[in-house]
Amino acid sequence: MIGNLAFDVAHLLAGGMVVVSFMLLYQDRMLGLLHAFALHALVLAAGVAWQAWTQDAPHLYVTAAIALLFKAIFIPVALHRIVVRLGVHRELEQVVGVGITMLAGLALTALAILVTMPVTGGADVLAREDIAFALAVVLLGLLMMITRRNAVSQLVGFMSLENGLILAATGTKGMPLVVELSVAFSLLIAFIVFGIFVFRIRERFDTVDVHALDRFRGE
């Protein structure tokens, strides 16, 4: 009974991350995108904490705490302030329409399942499904980076991709604590550098639209 409950809850939380990844793809306003990313990180934190309990792996609680504090609270709040200050909190421009993007997301999710299940045939059932969901989250994050023109939304896509990698690592019996801490601090440093970089772009070109920046470069 407890084993079935552990599987069902882990399955629900991992699948929830895929659903929220589709919410990220669907958003057409910056503030809505940031709220969806905070939810994405919150579901990740809950999933990692559940894996820590089911695997009896206390170090995974550190990963859950990092995801909750940094990704679900600190980074969304900081990005919110950045986009409001830069005045880019309105509609997001996309390379293709939302309908096509969602269909592509469904195709990538199906591809992740079809590729993962045969390869992980000898693994634990829970690990197999977590890896499949995690690969879907990674692919959806890549899709978001490709289909968005705004630099901030591309950063959100990259961080959602990294959430998928964390989900995969924790679903396969976790990763060493030193790796988790190094990833967290690397992400924090990258975020700080990104903030400085975006402000410099805004001051120089008066936009953070990467398509407009290509025109400045002559492409």
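As shown above, the structure is provided for reference.
Every chain is numbered on its own, with residues counted from 1 as its sequence reads. Residues qualify for local features only when their pLDDT is at least 70, as the model is predicted, and side-chain atom pairs are given and counted only at 80 or more; totals for whole chains, interfaces and linings, by contrast, use all residues. With hydrogens and water stripped out, all remaining heavy atoms of the structure feed into the side-chain values.

*Asks:* Would you mind going over the overall build of the protein chain in detail, with residue names and values included?
*Replies:* Helix and strand assignments follow DSSP, with helices taken as H or I runs no shorter than four residues and strands as E runs no shorter than two, numbered in order from the N terminus. Looking only at helices and strands, one finds eight helices and zero strands in the protein chain. Relative accessibility under 20% of the residue-type maximum defines a buried residue, over 50% an exposed one, and the middle range a partly exposed one, all with a 1.4 Å probe and only protein chains included. For the protein chain, the residues scored as buried account for 48% of the 219 residues in total. In this description, contact between two residues means that some pair of their heavy atoms is separated by no more than 4.5 Å. Counting contacts in the protein chain only where the partners sit at least 6 residues apart, residues at least 24 apart contribute 77% of the total. Surface summary for the protein chain: the accessible area is close to 11000 Å², and the carbon and sulfur share equals 71%. The method behind every accessible area is Shrake-Rupley, applied with a 1.4 Å probe, and residues are considered shielded solely by the protein chains displayed.

*Asks:* How would you explain the nonpolar core if you had to name every residue and give the values?
*Replies:* Soluble globular proteins tend to pack their nonpolar side chains together in the buried interior. Ranked by internal contacts, the top residues of the largest apolar core, which has 44 residues, are V18, L24, L44, L79, V156 and L167. Counting only elements with at least two residues in this core, the list comes to α1 (2-26), α2 (30-55), α3 (59-86), α5 (125-147) and α6 (151-171). Counting residues per element, this core draws most heavily on α2, which supplies 11 residues. Every residue in contact with V156, bar those within four places of it in the chain, is listed here: L24, L33, L34, F37, L79 and M144. By nonpolar core is meant a set of buried Ala, Val, Leu, Ile, Met, Phe, Trp, Tyr and Cys residues that side-chain atoms within 4.5 Å join together.

*Asks:* Give a description of empty space enclosed by the protein that names residues and reports values.
*Replies:* Definitions used for this entry: grid spacing 1 Å over protein atoms alone; cavity, a set of points where a 1.4 Å probe fits but cannot get out; pocket, an open set with protein on both sides within 12 Å along at least 5 of 7 lines; lining residue, one with an atom within 4 Å of a point. Grid points are joined across faces, edges and corners, and a volume is the space filled by probe spheres set on the points. Across all of its chains, the model carries three cavities of 30 Å³ or more by this definition. The computed volume of the second largest cavity comes to approximately 40 Å³. What lines the second largest cavity is simply A10, L13, A14, G47, Q51, D130 and L167. Within the residue set of the lining of the second largest cavity, elements represented by two or more residues are α1 and α2. Per element, the largest residue contribution to the lining of the second largest cavity is three residues, and it comes from α1. When grouped by side-chain class, the residues that make up the lining of the second largest cavity number four nonpolar, two polar and one charged. Residues are sorted three ways: Asp, Glu, Lys and Arg are charged, Ala, Val, Leu, Ile, Met, Phe, Trp, Tyr, Cys and Pro are nonpolar, and all the rest, Gly among them, are polar.

*Asks:* If you had to explain α2 to someone new, which residues and values would you point to?
*Replies:* In a regular helix each residue adds 1.5 Å, so 26 residues correspond to 38 Å; α2 covers 37 Å between its end C-alpha atoms and thus fits that length. Just downstream of α2, D56 is the residue with a positive phi angle, here 55°. Each residue after the first adds 1.5 Å to the expected span of a helix.

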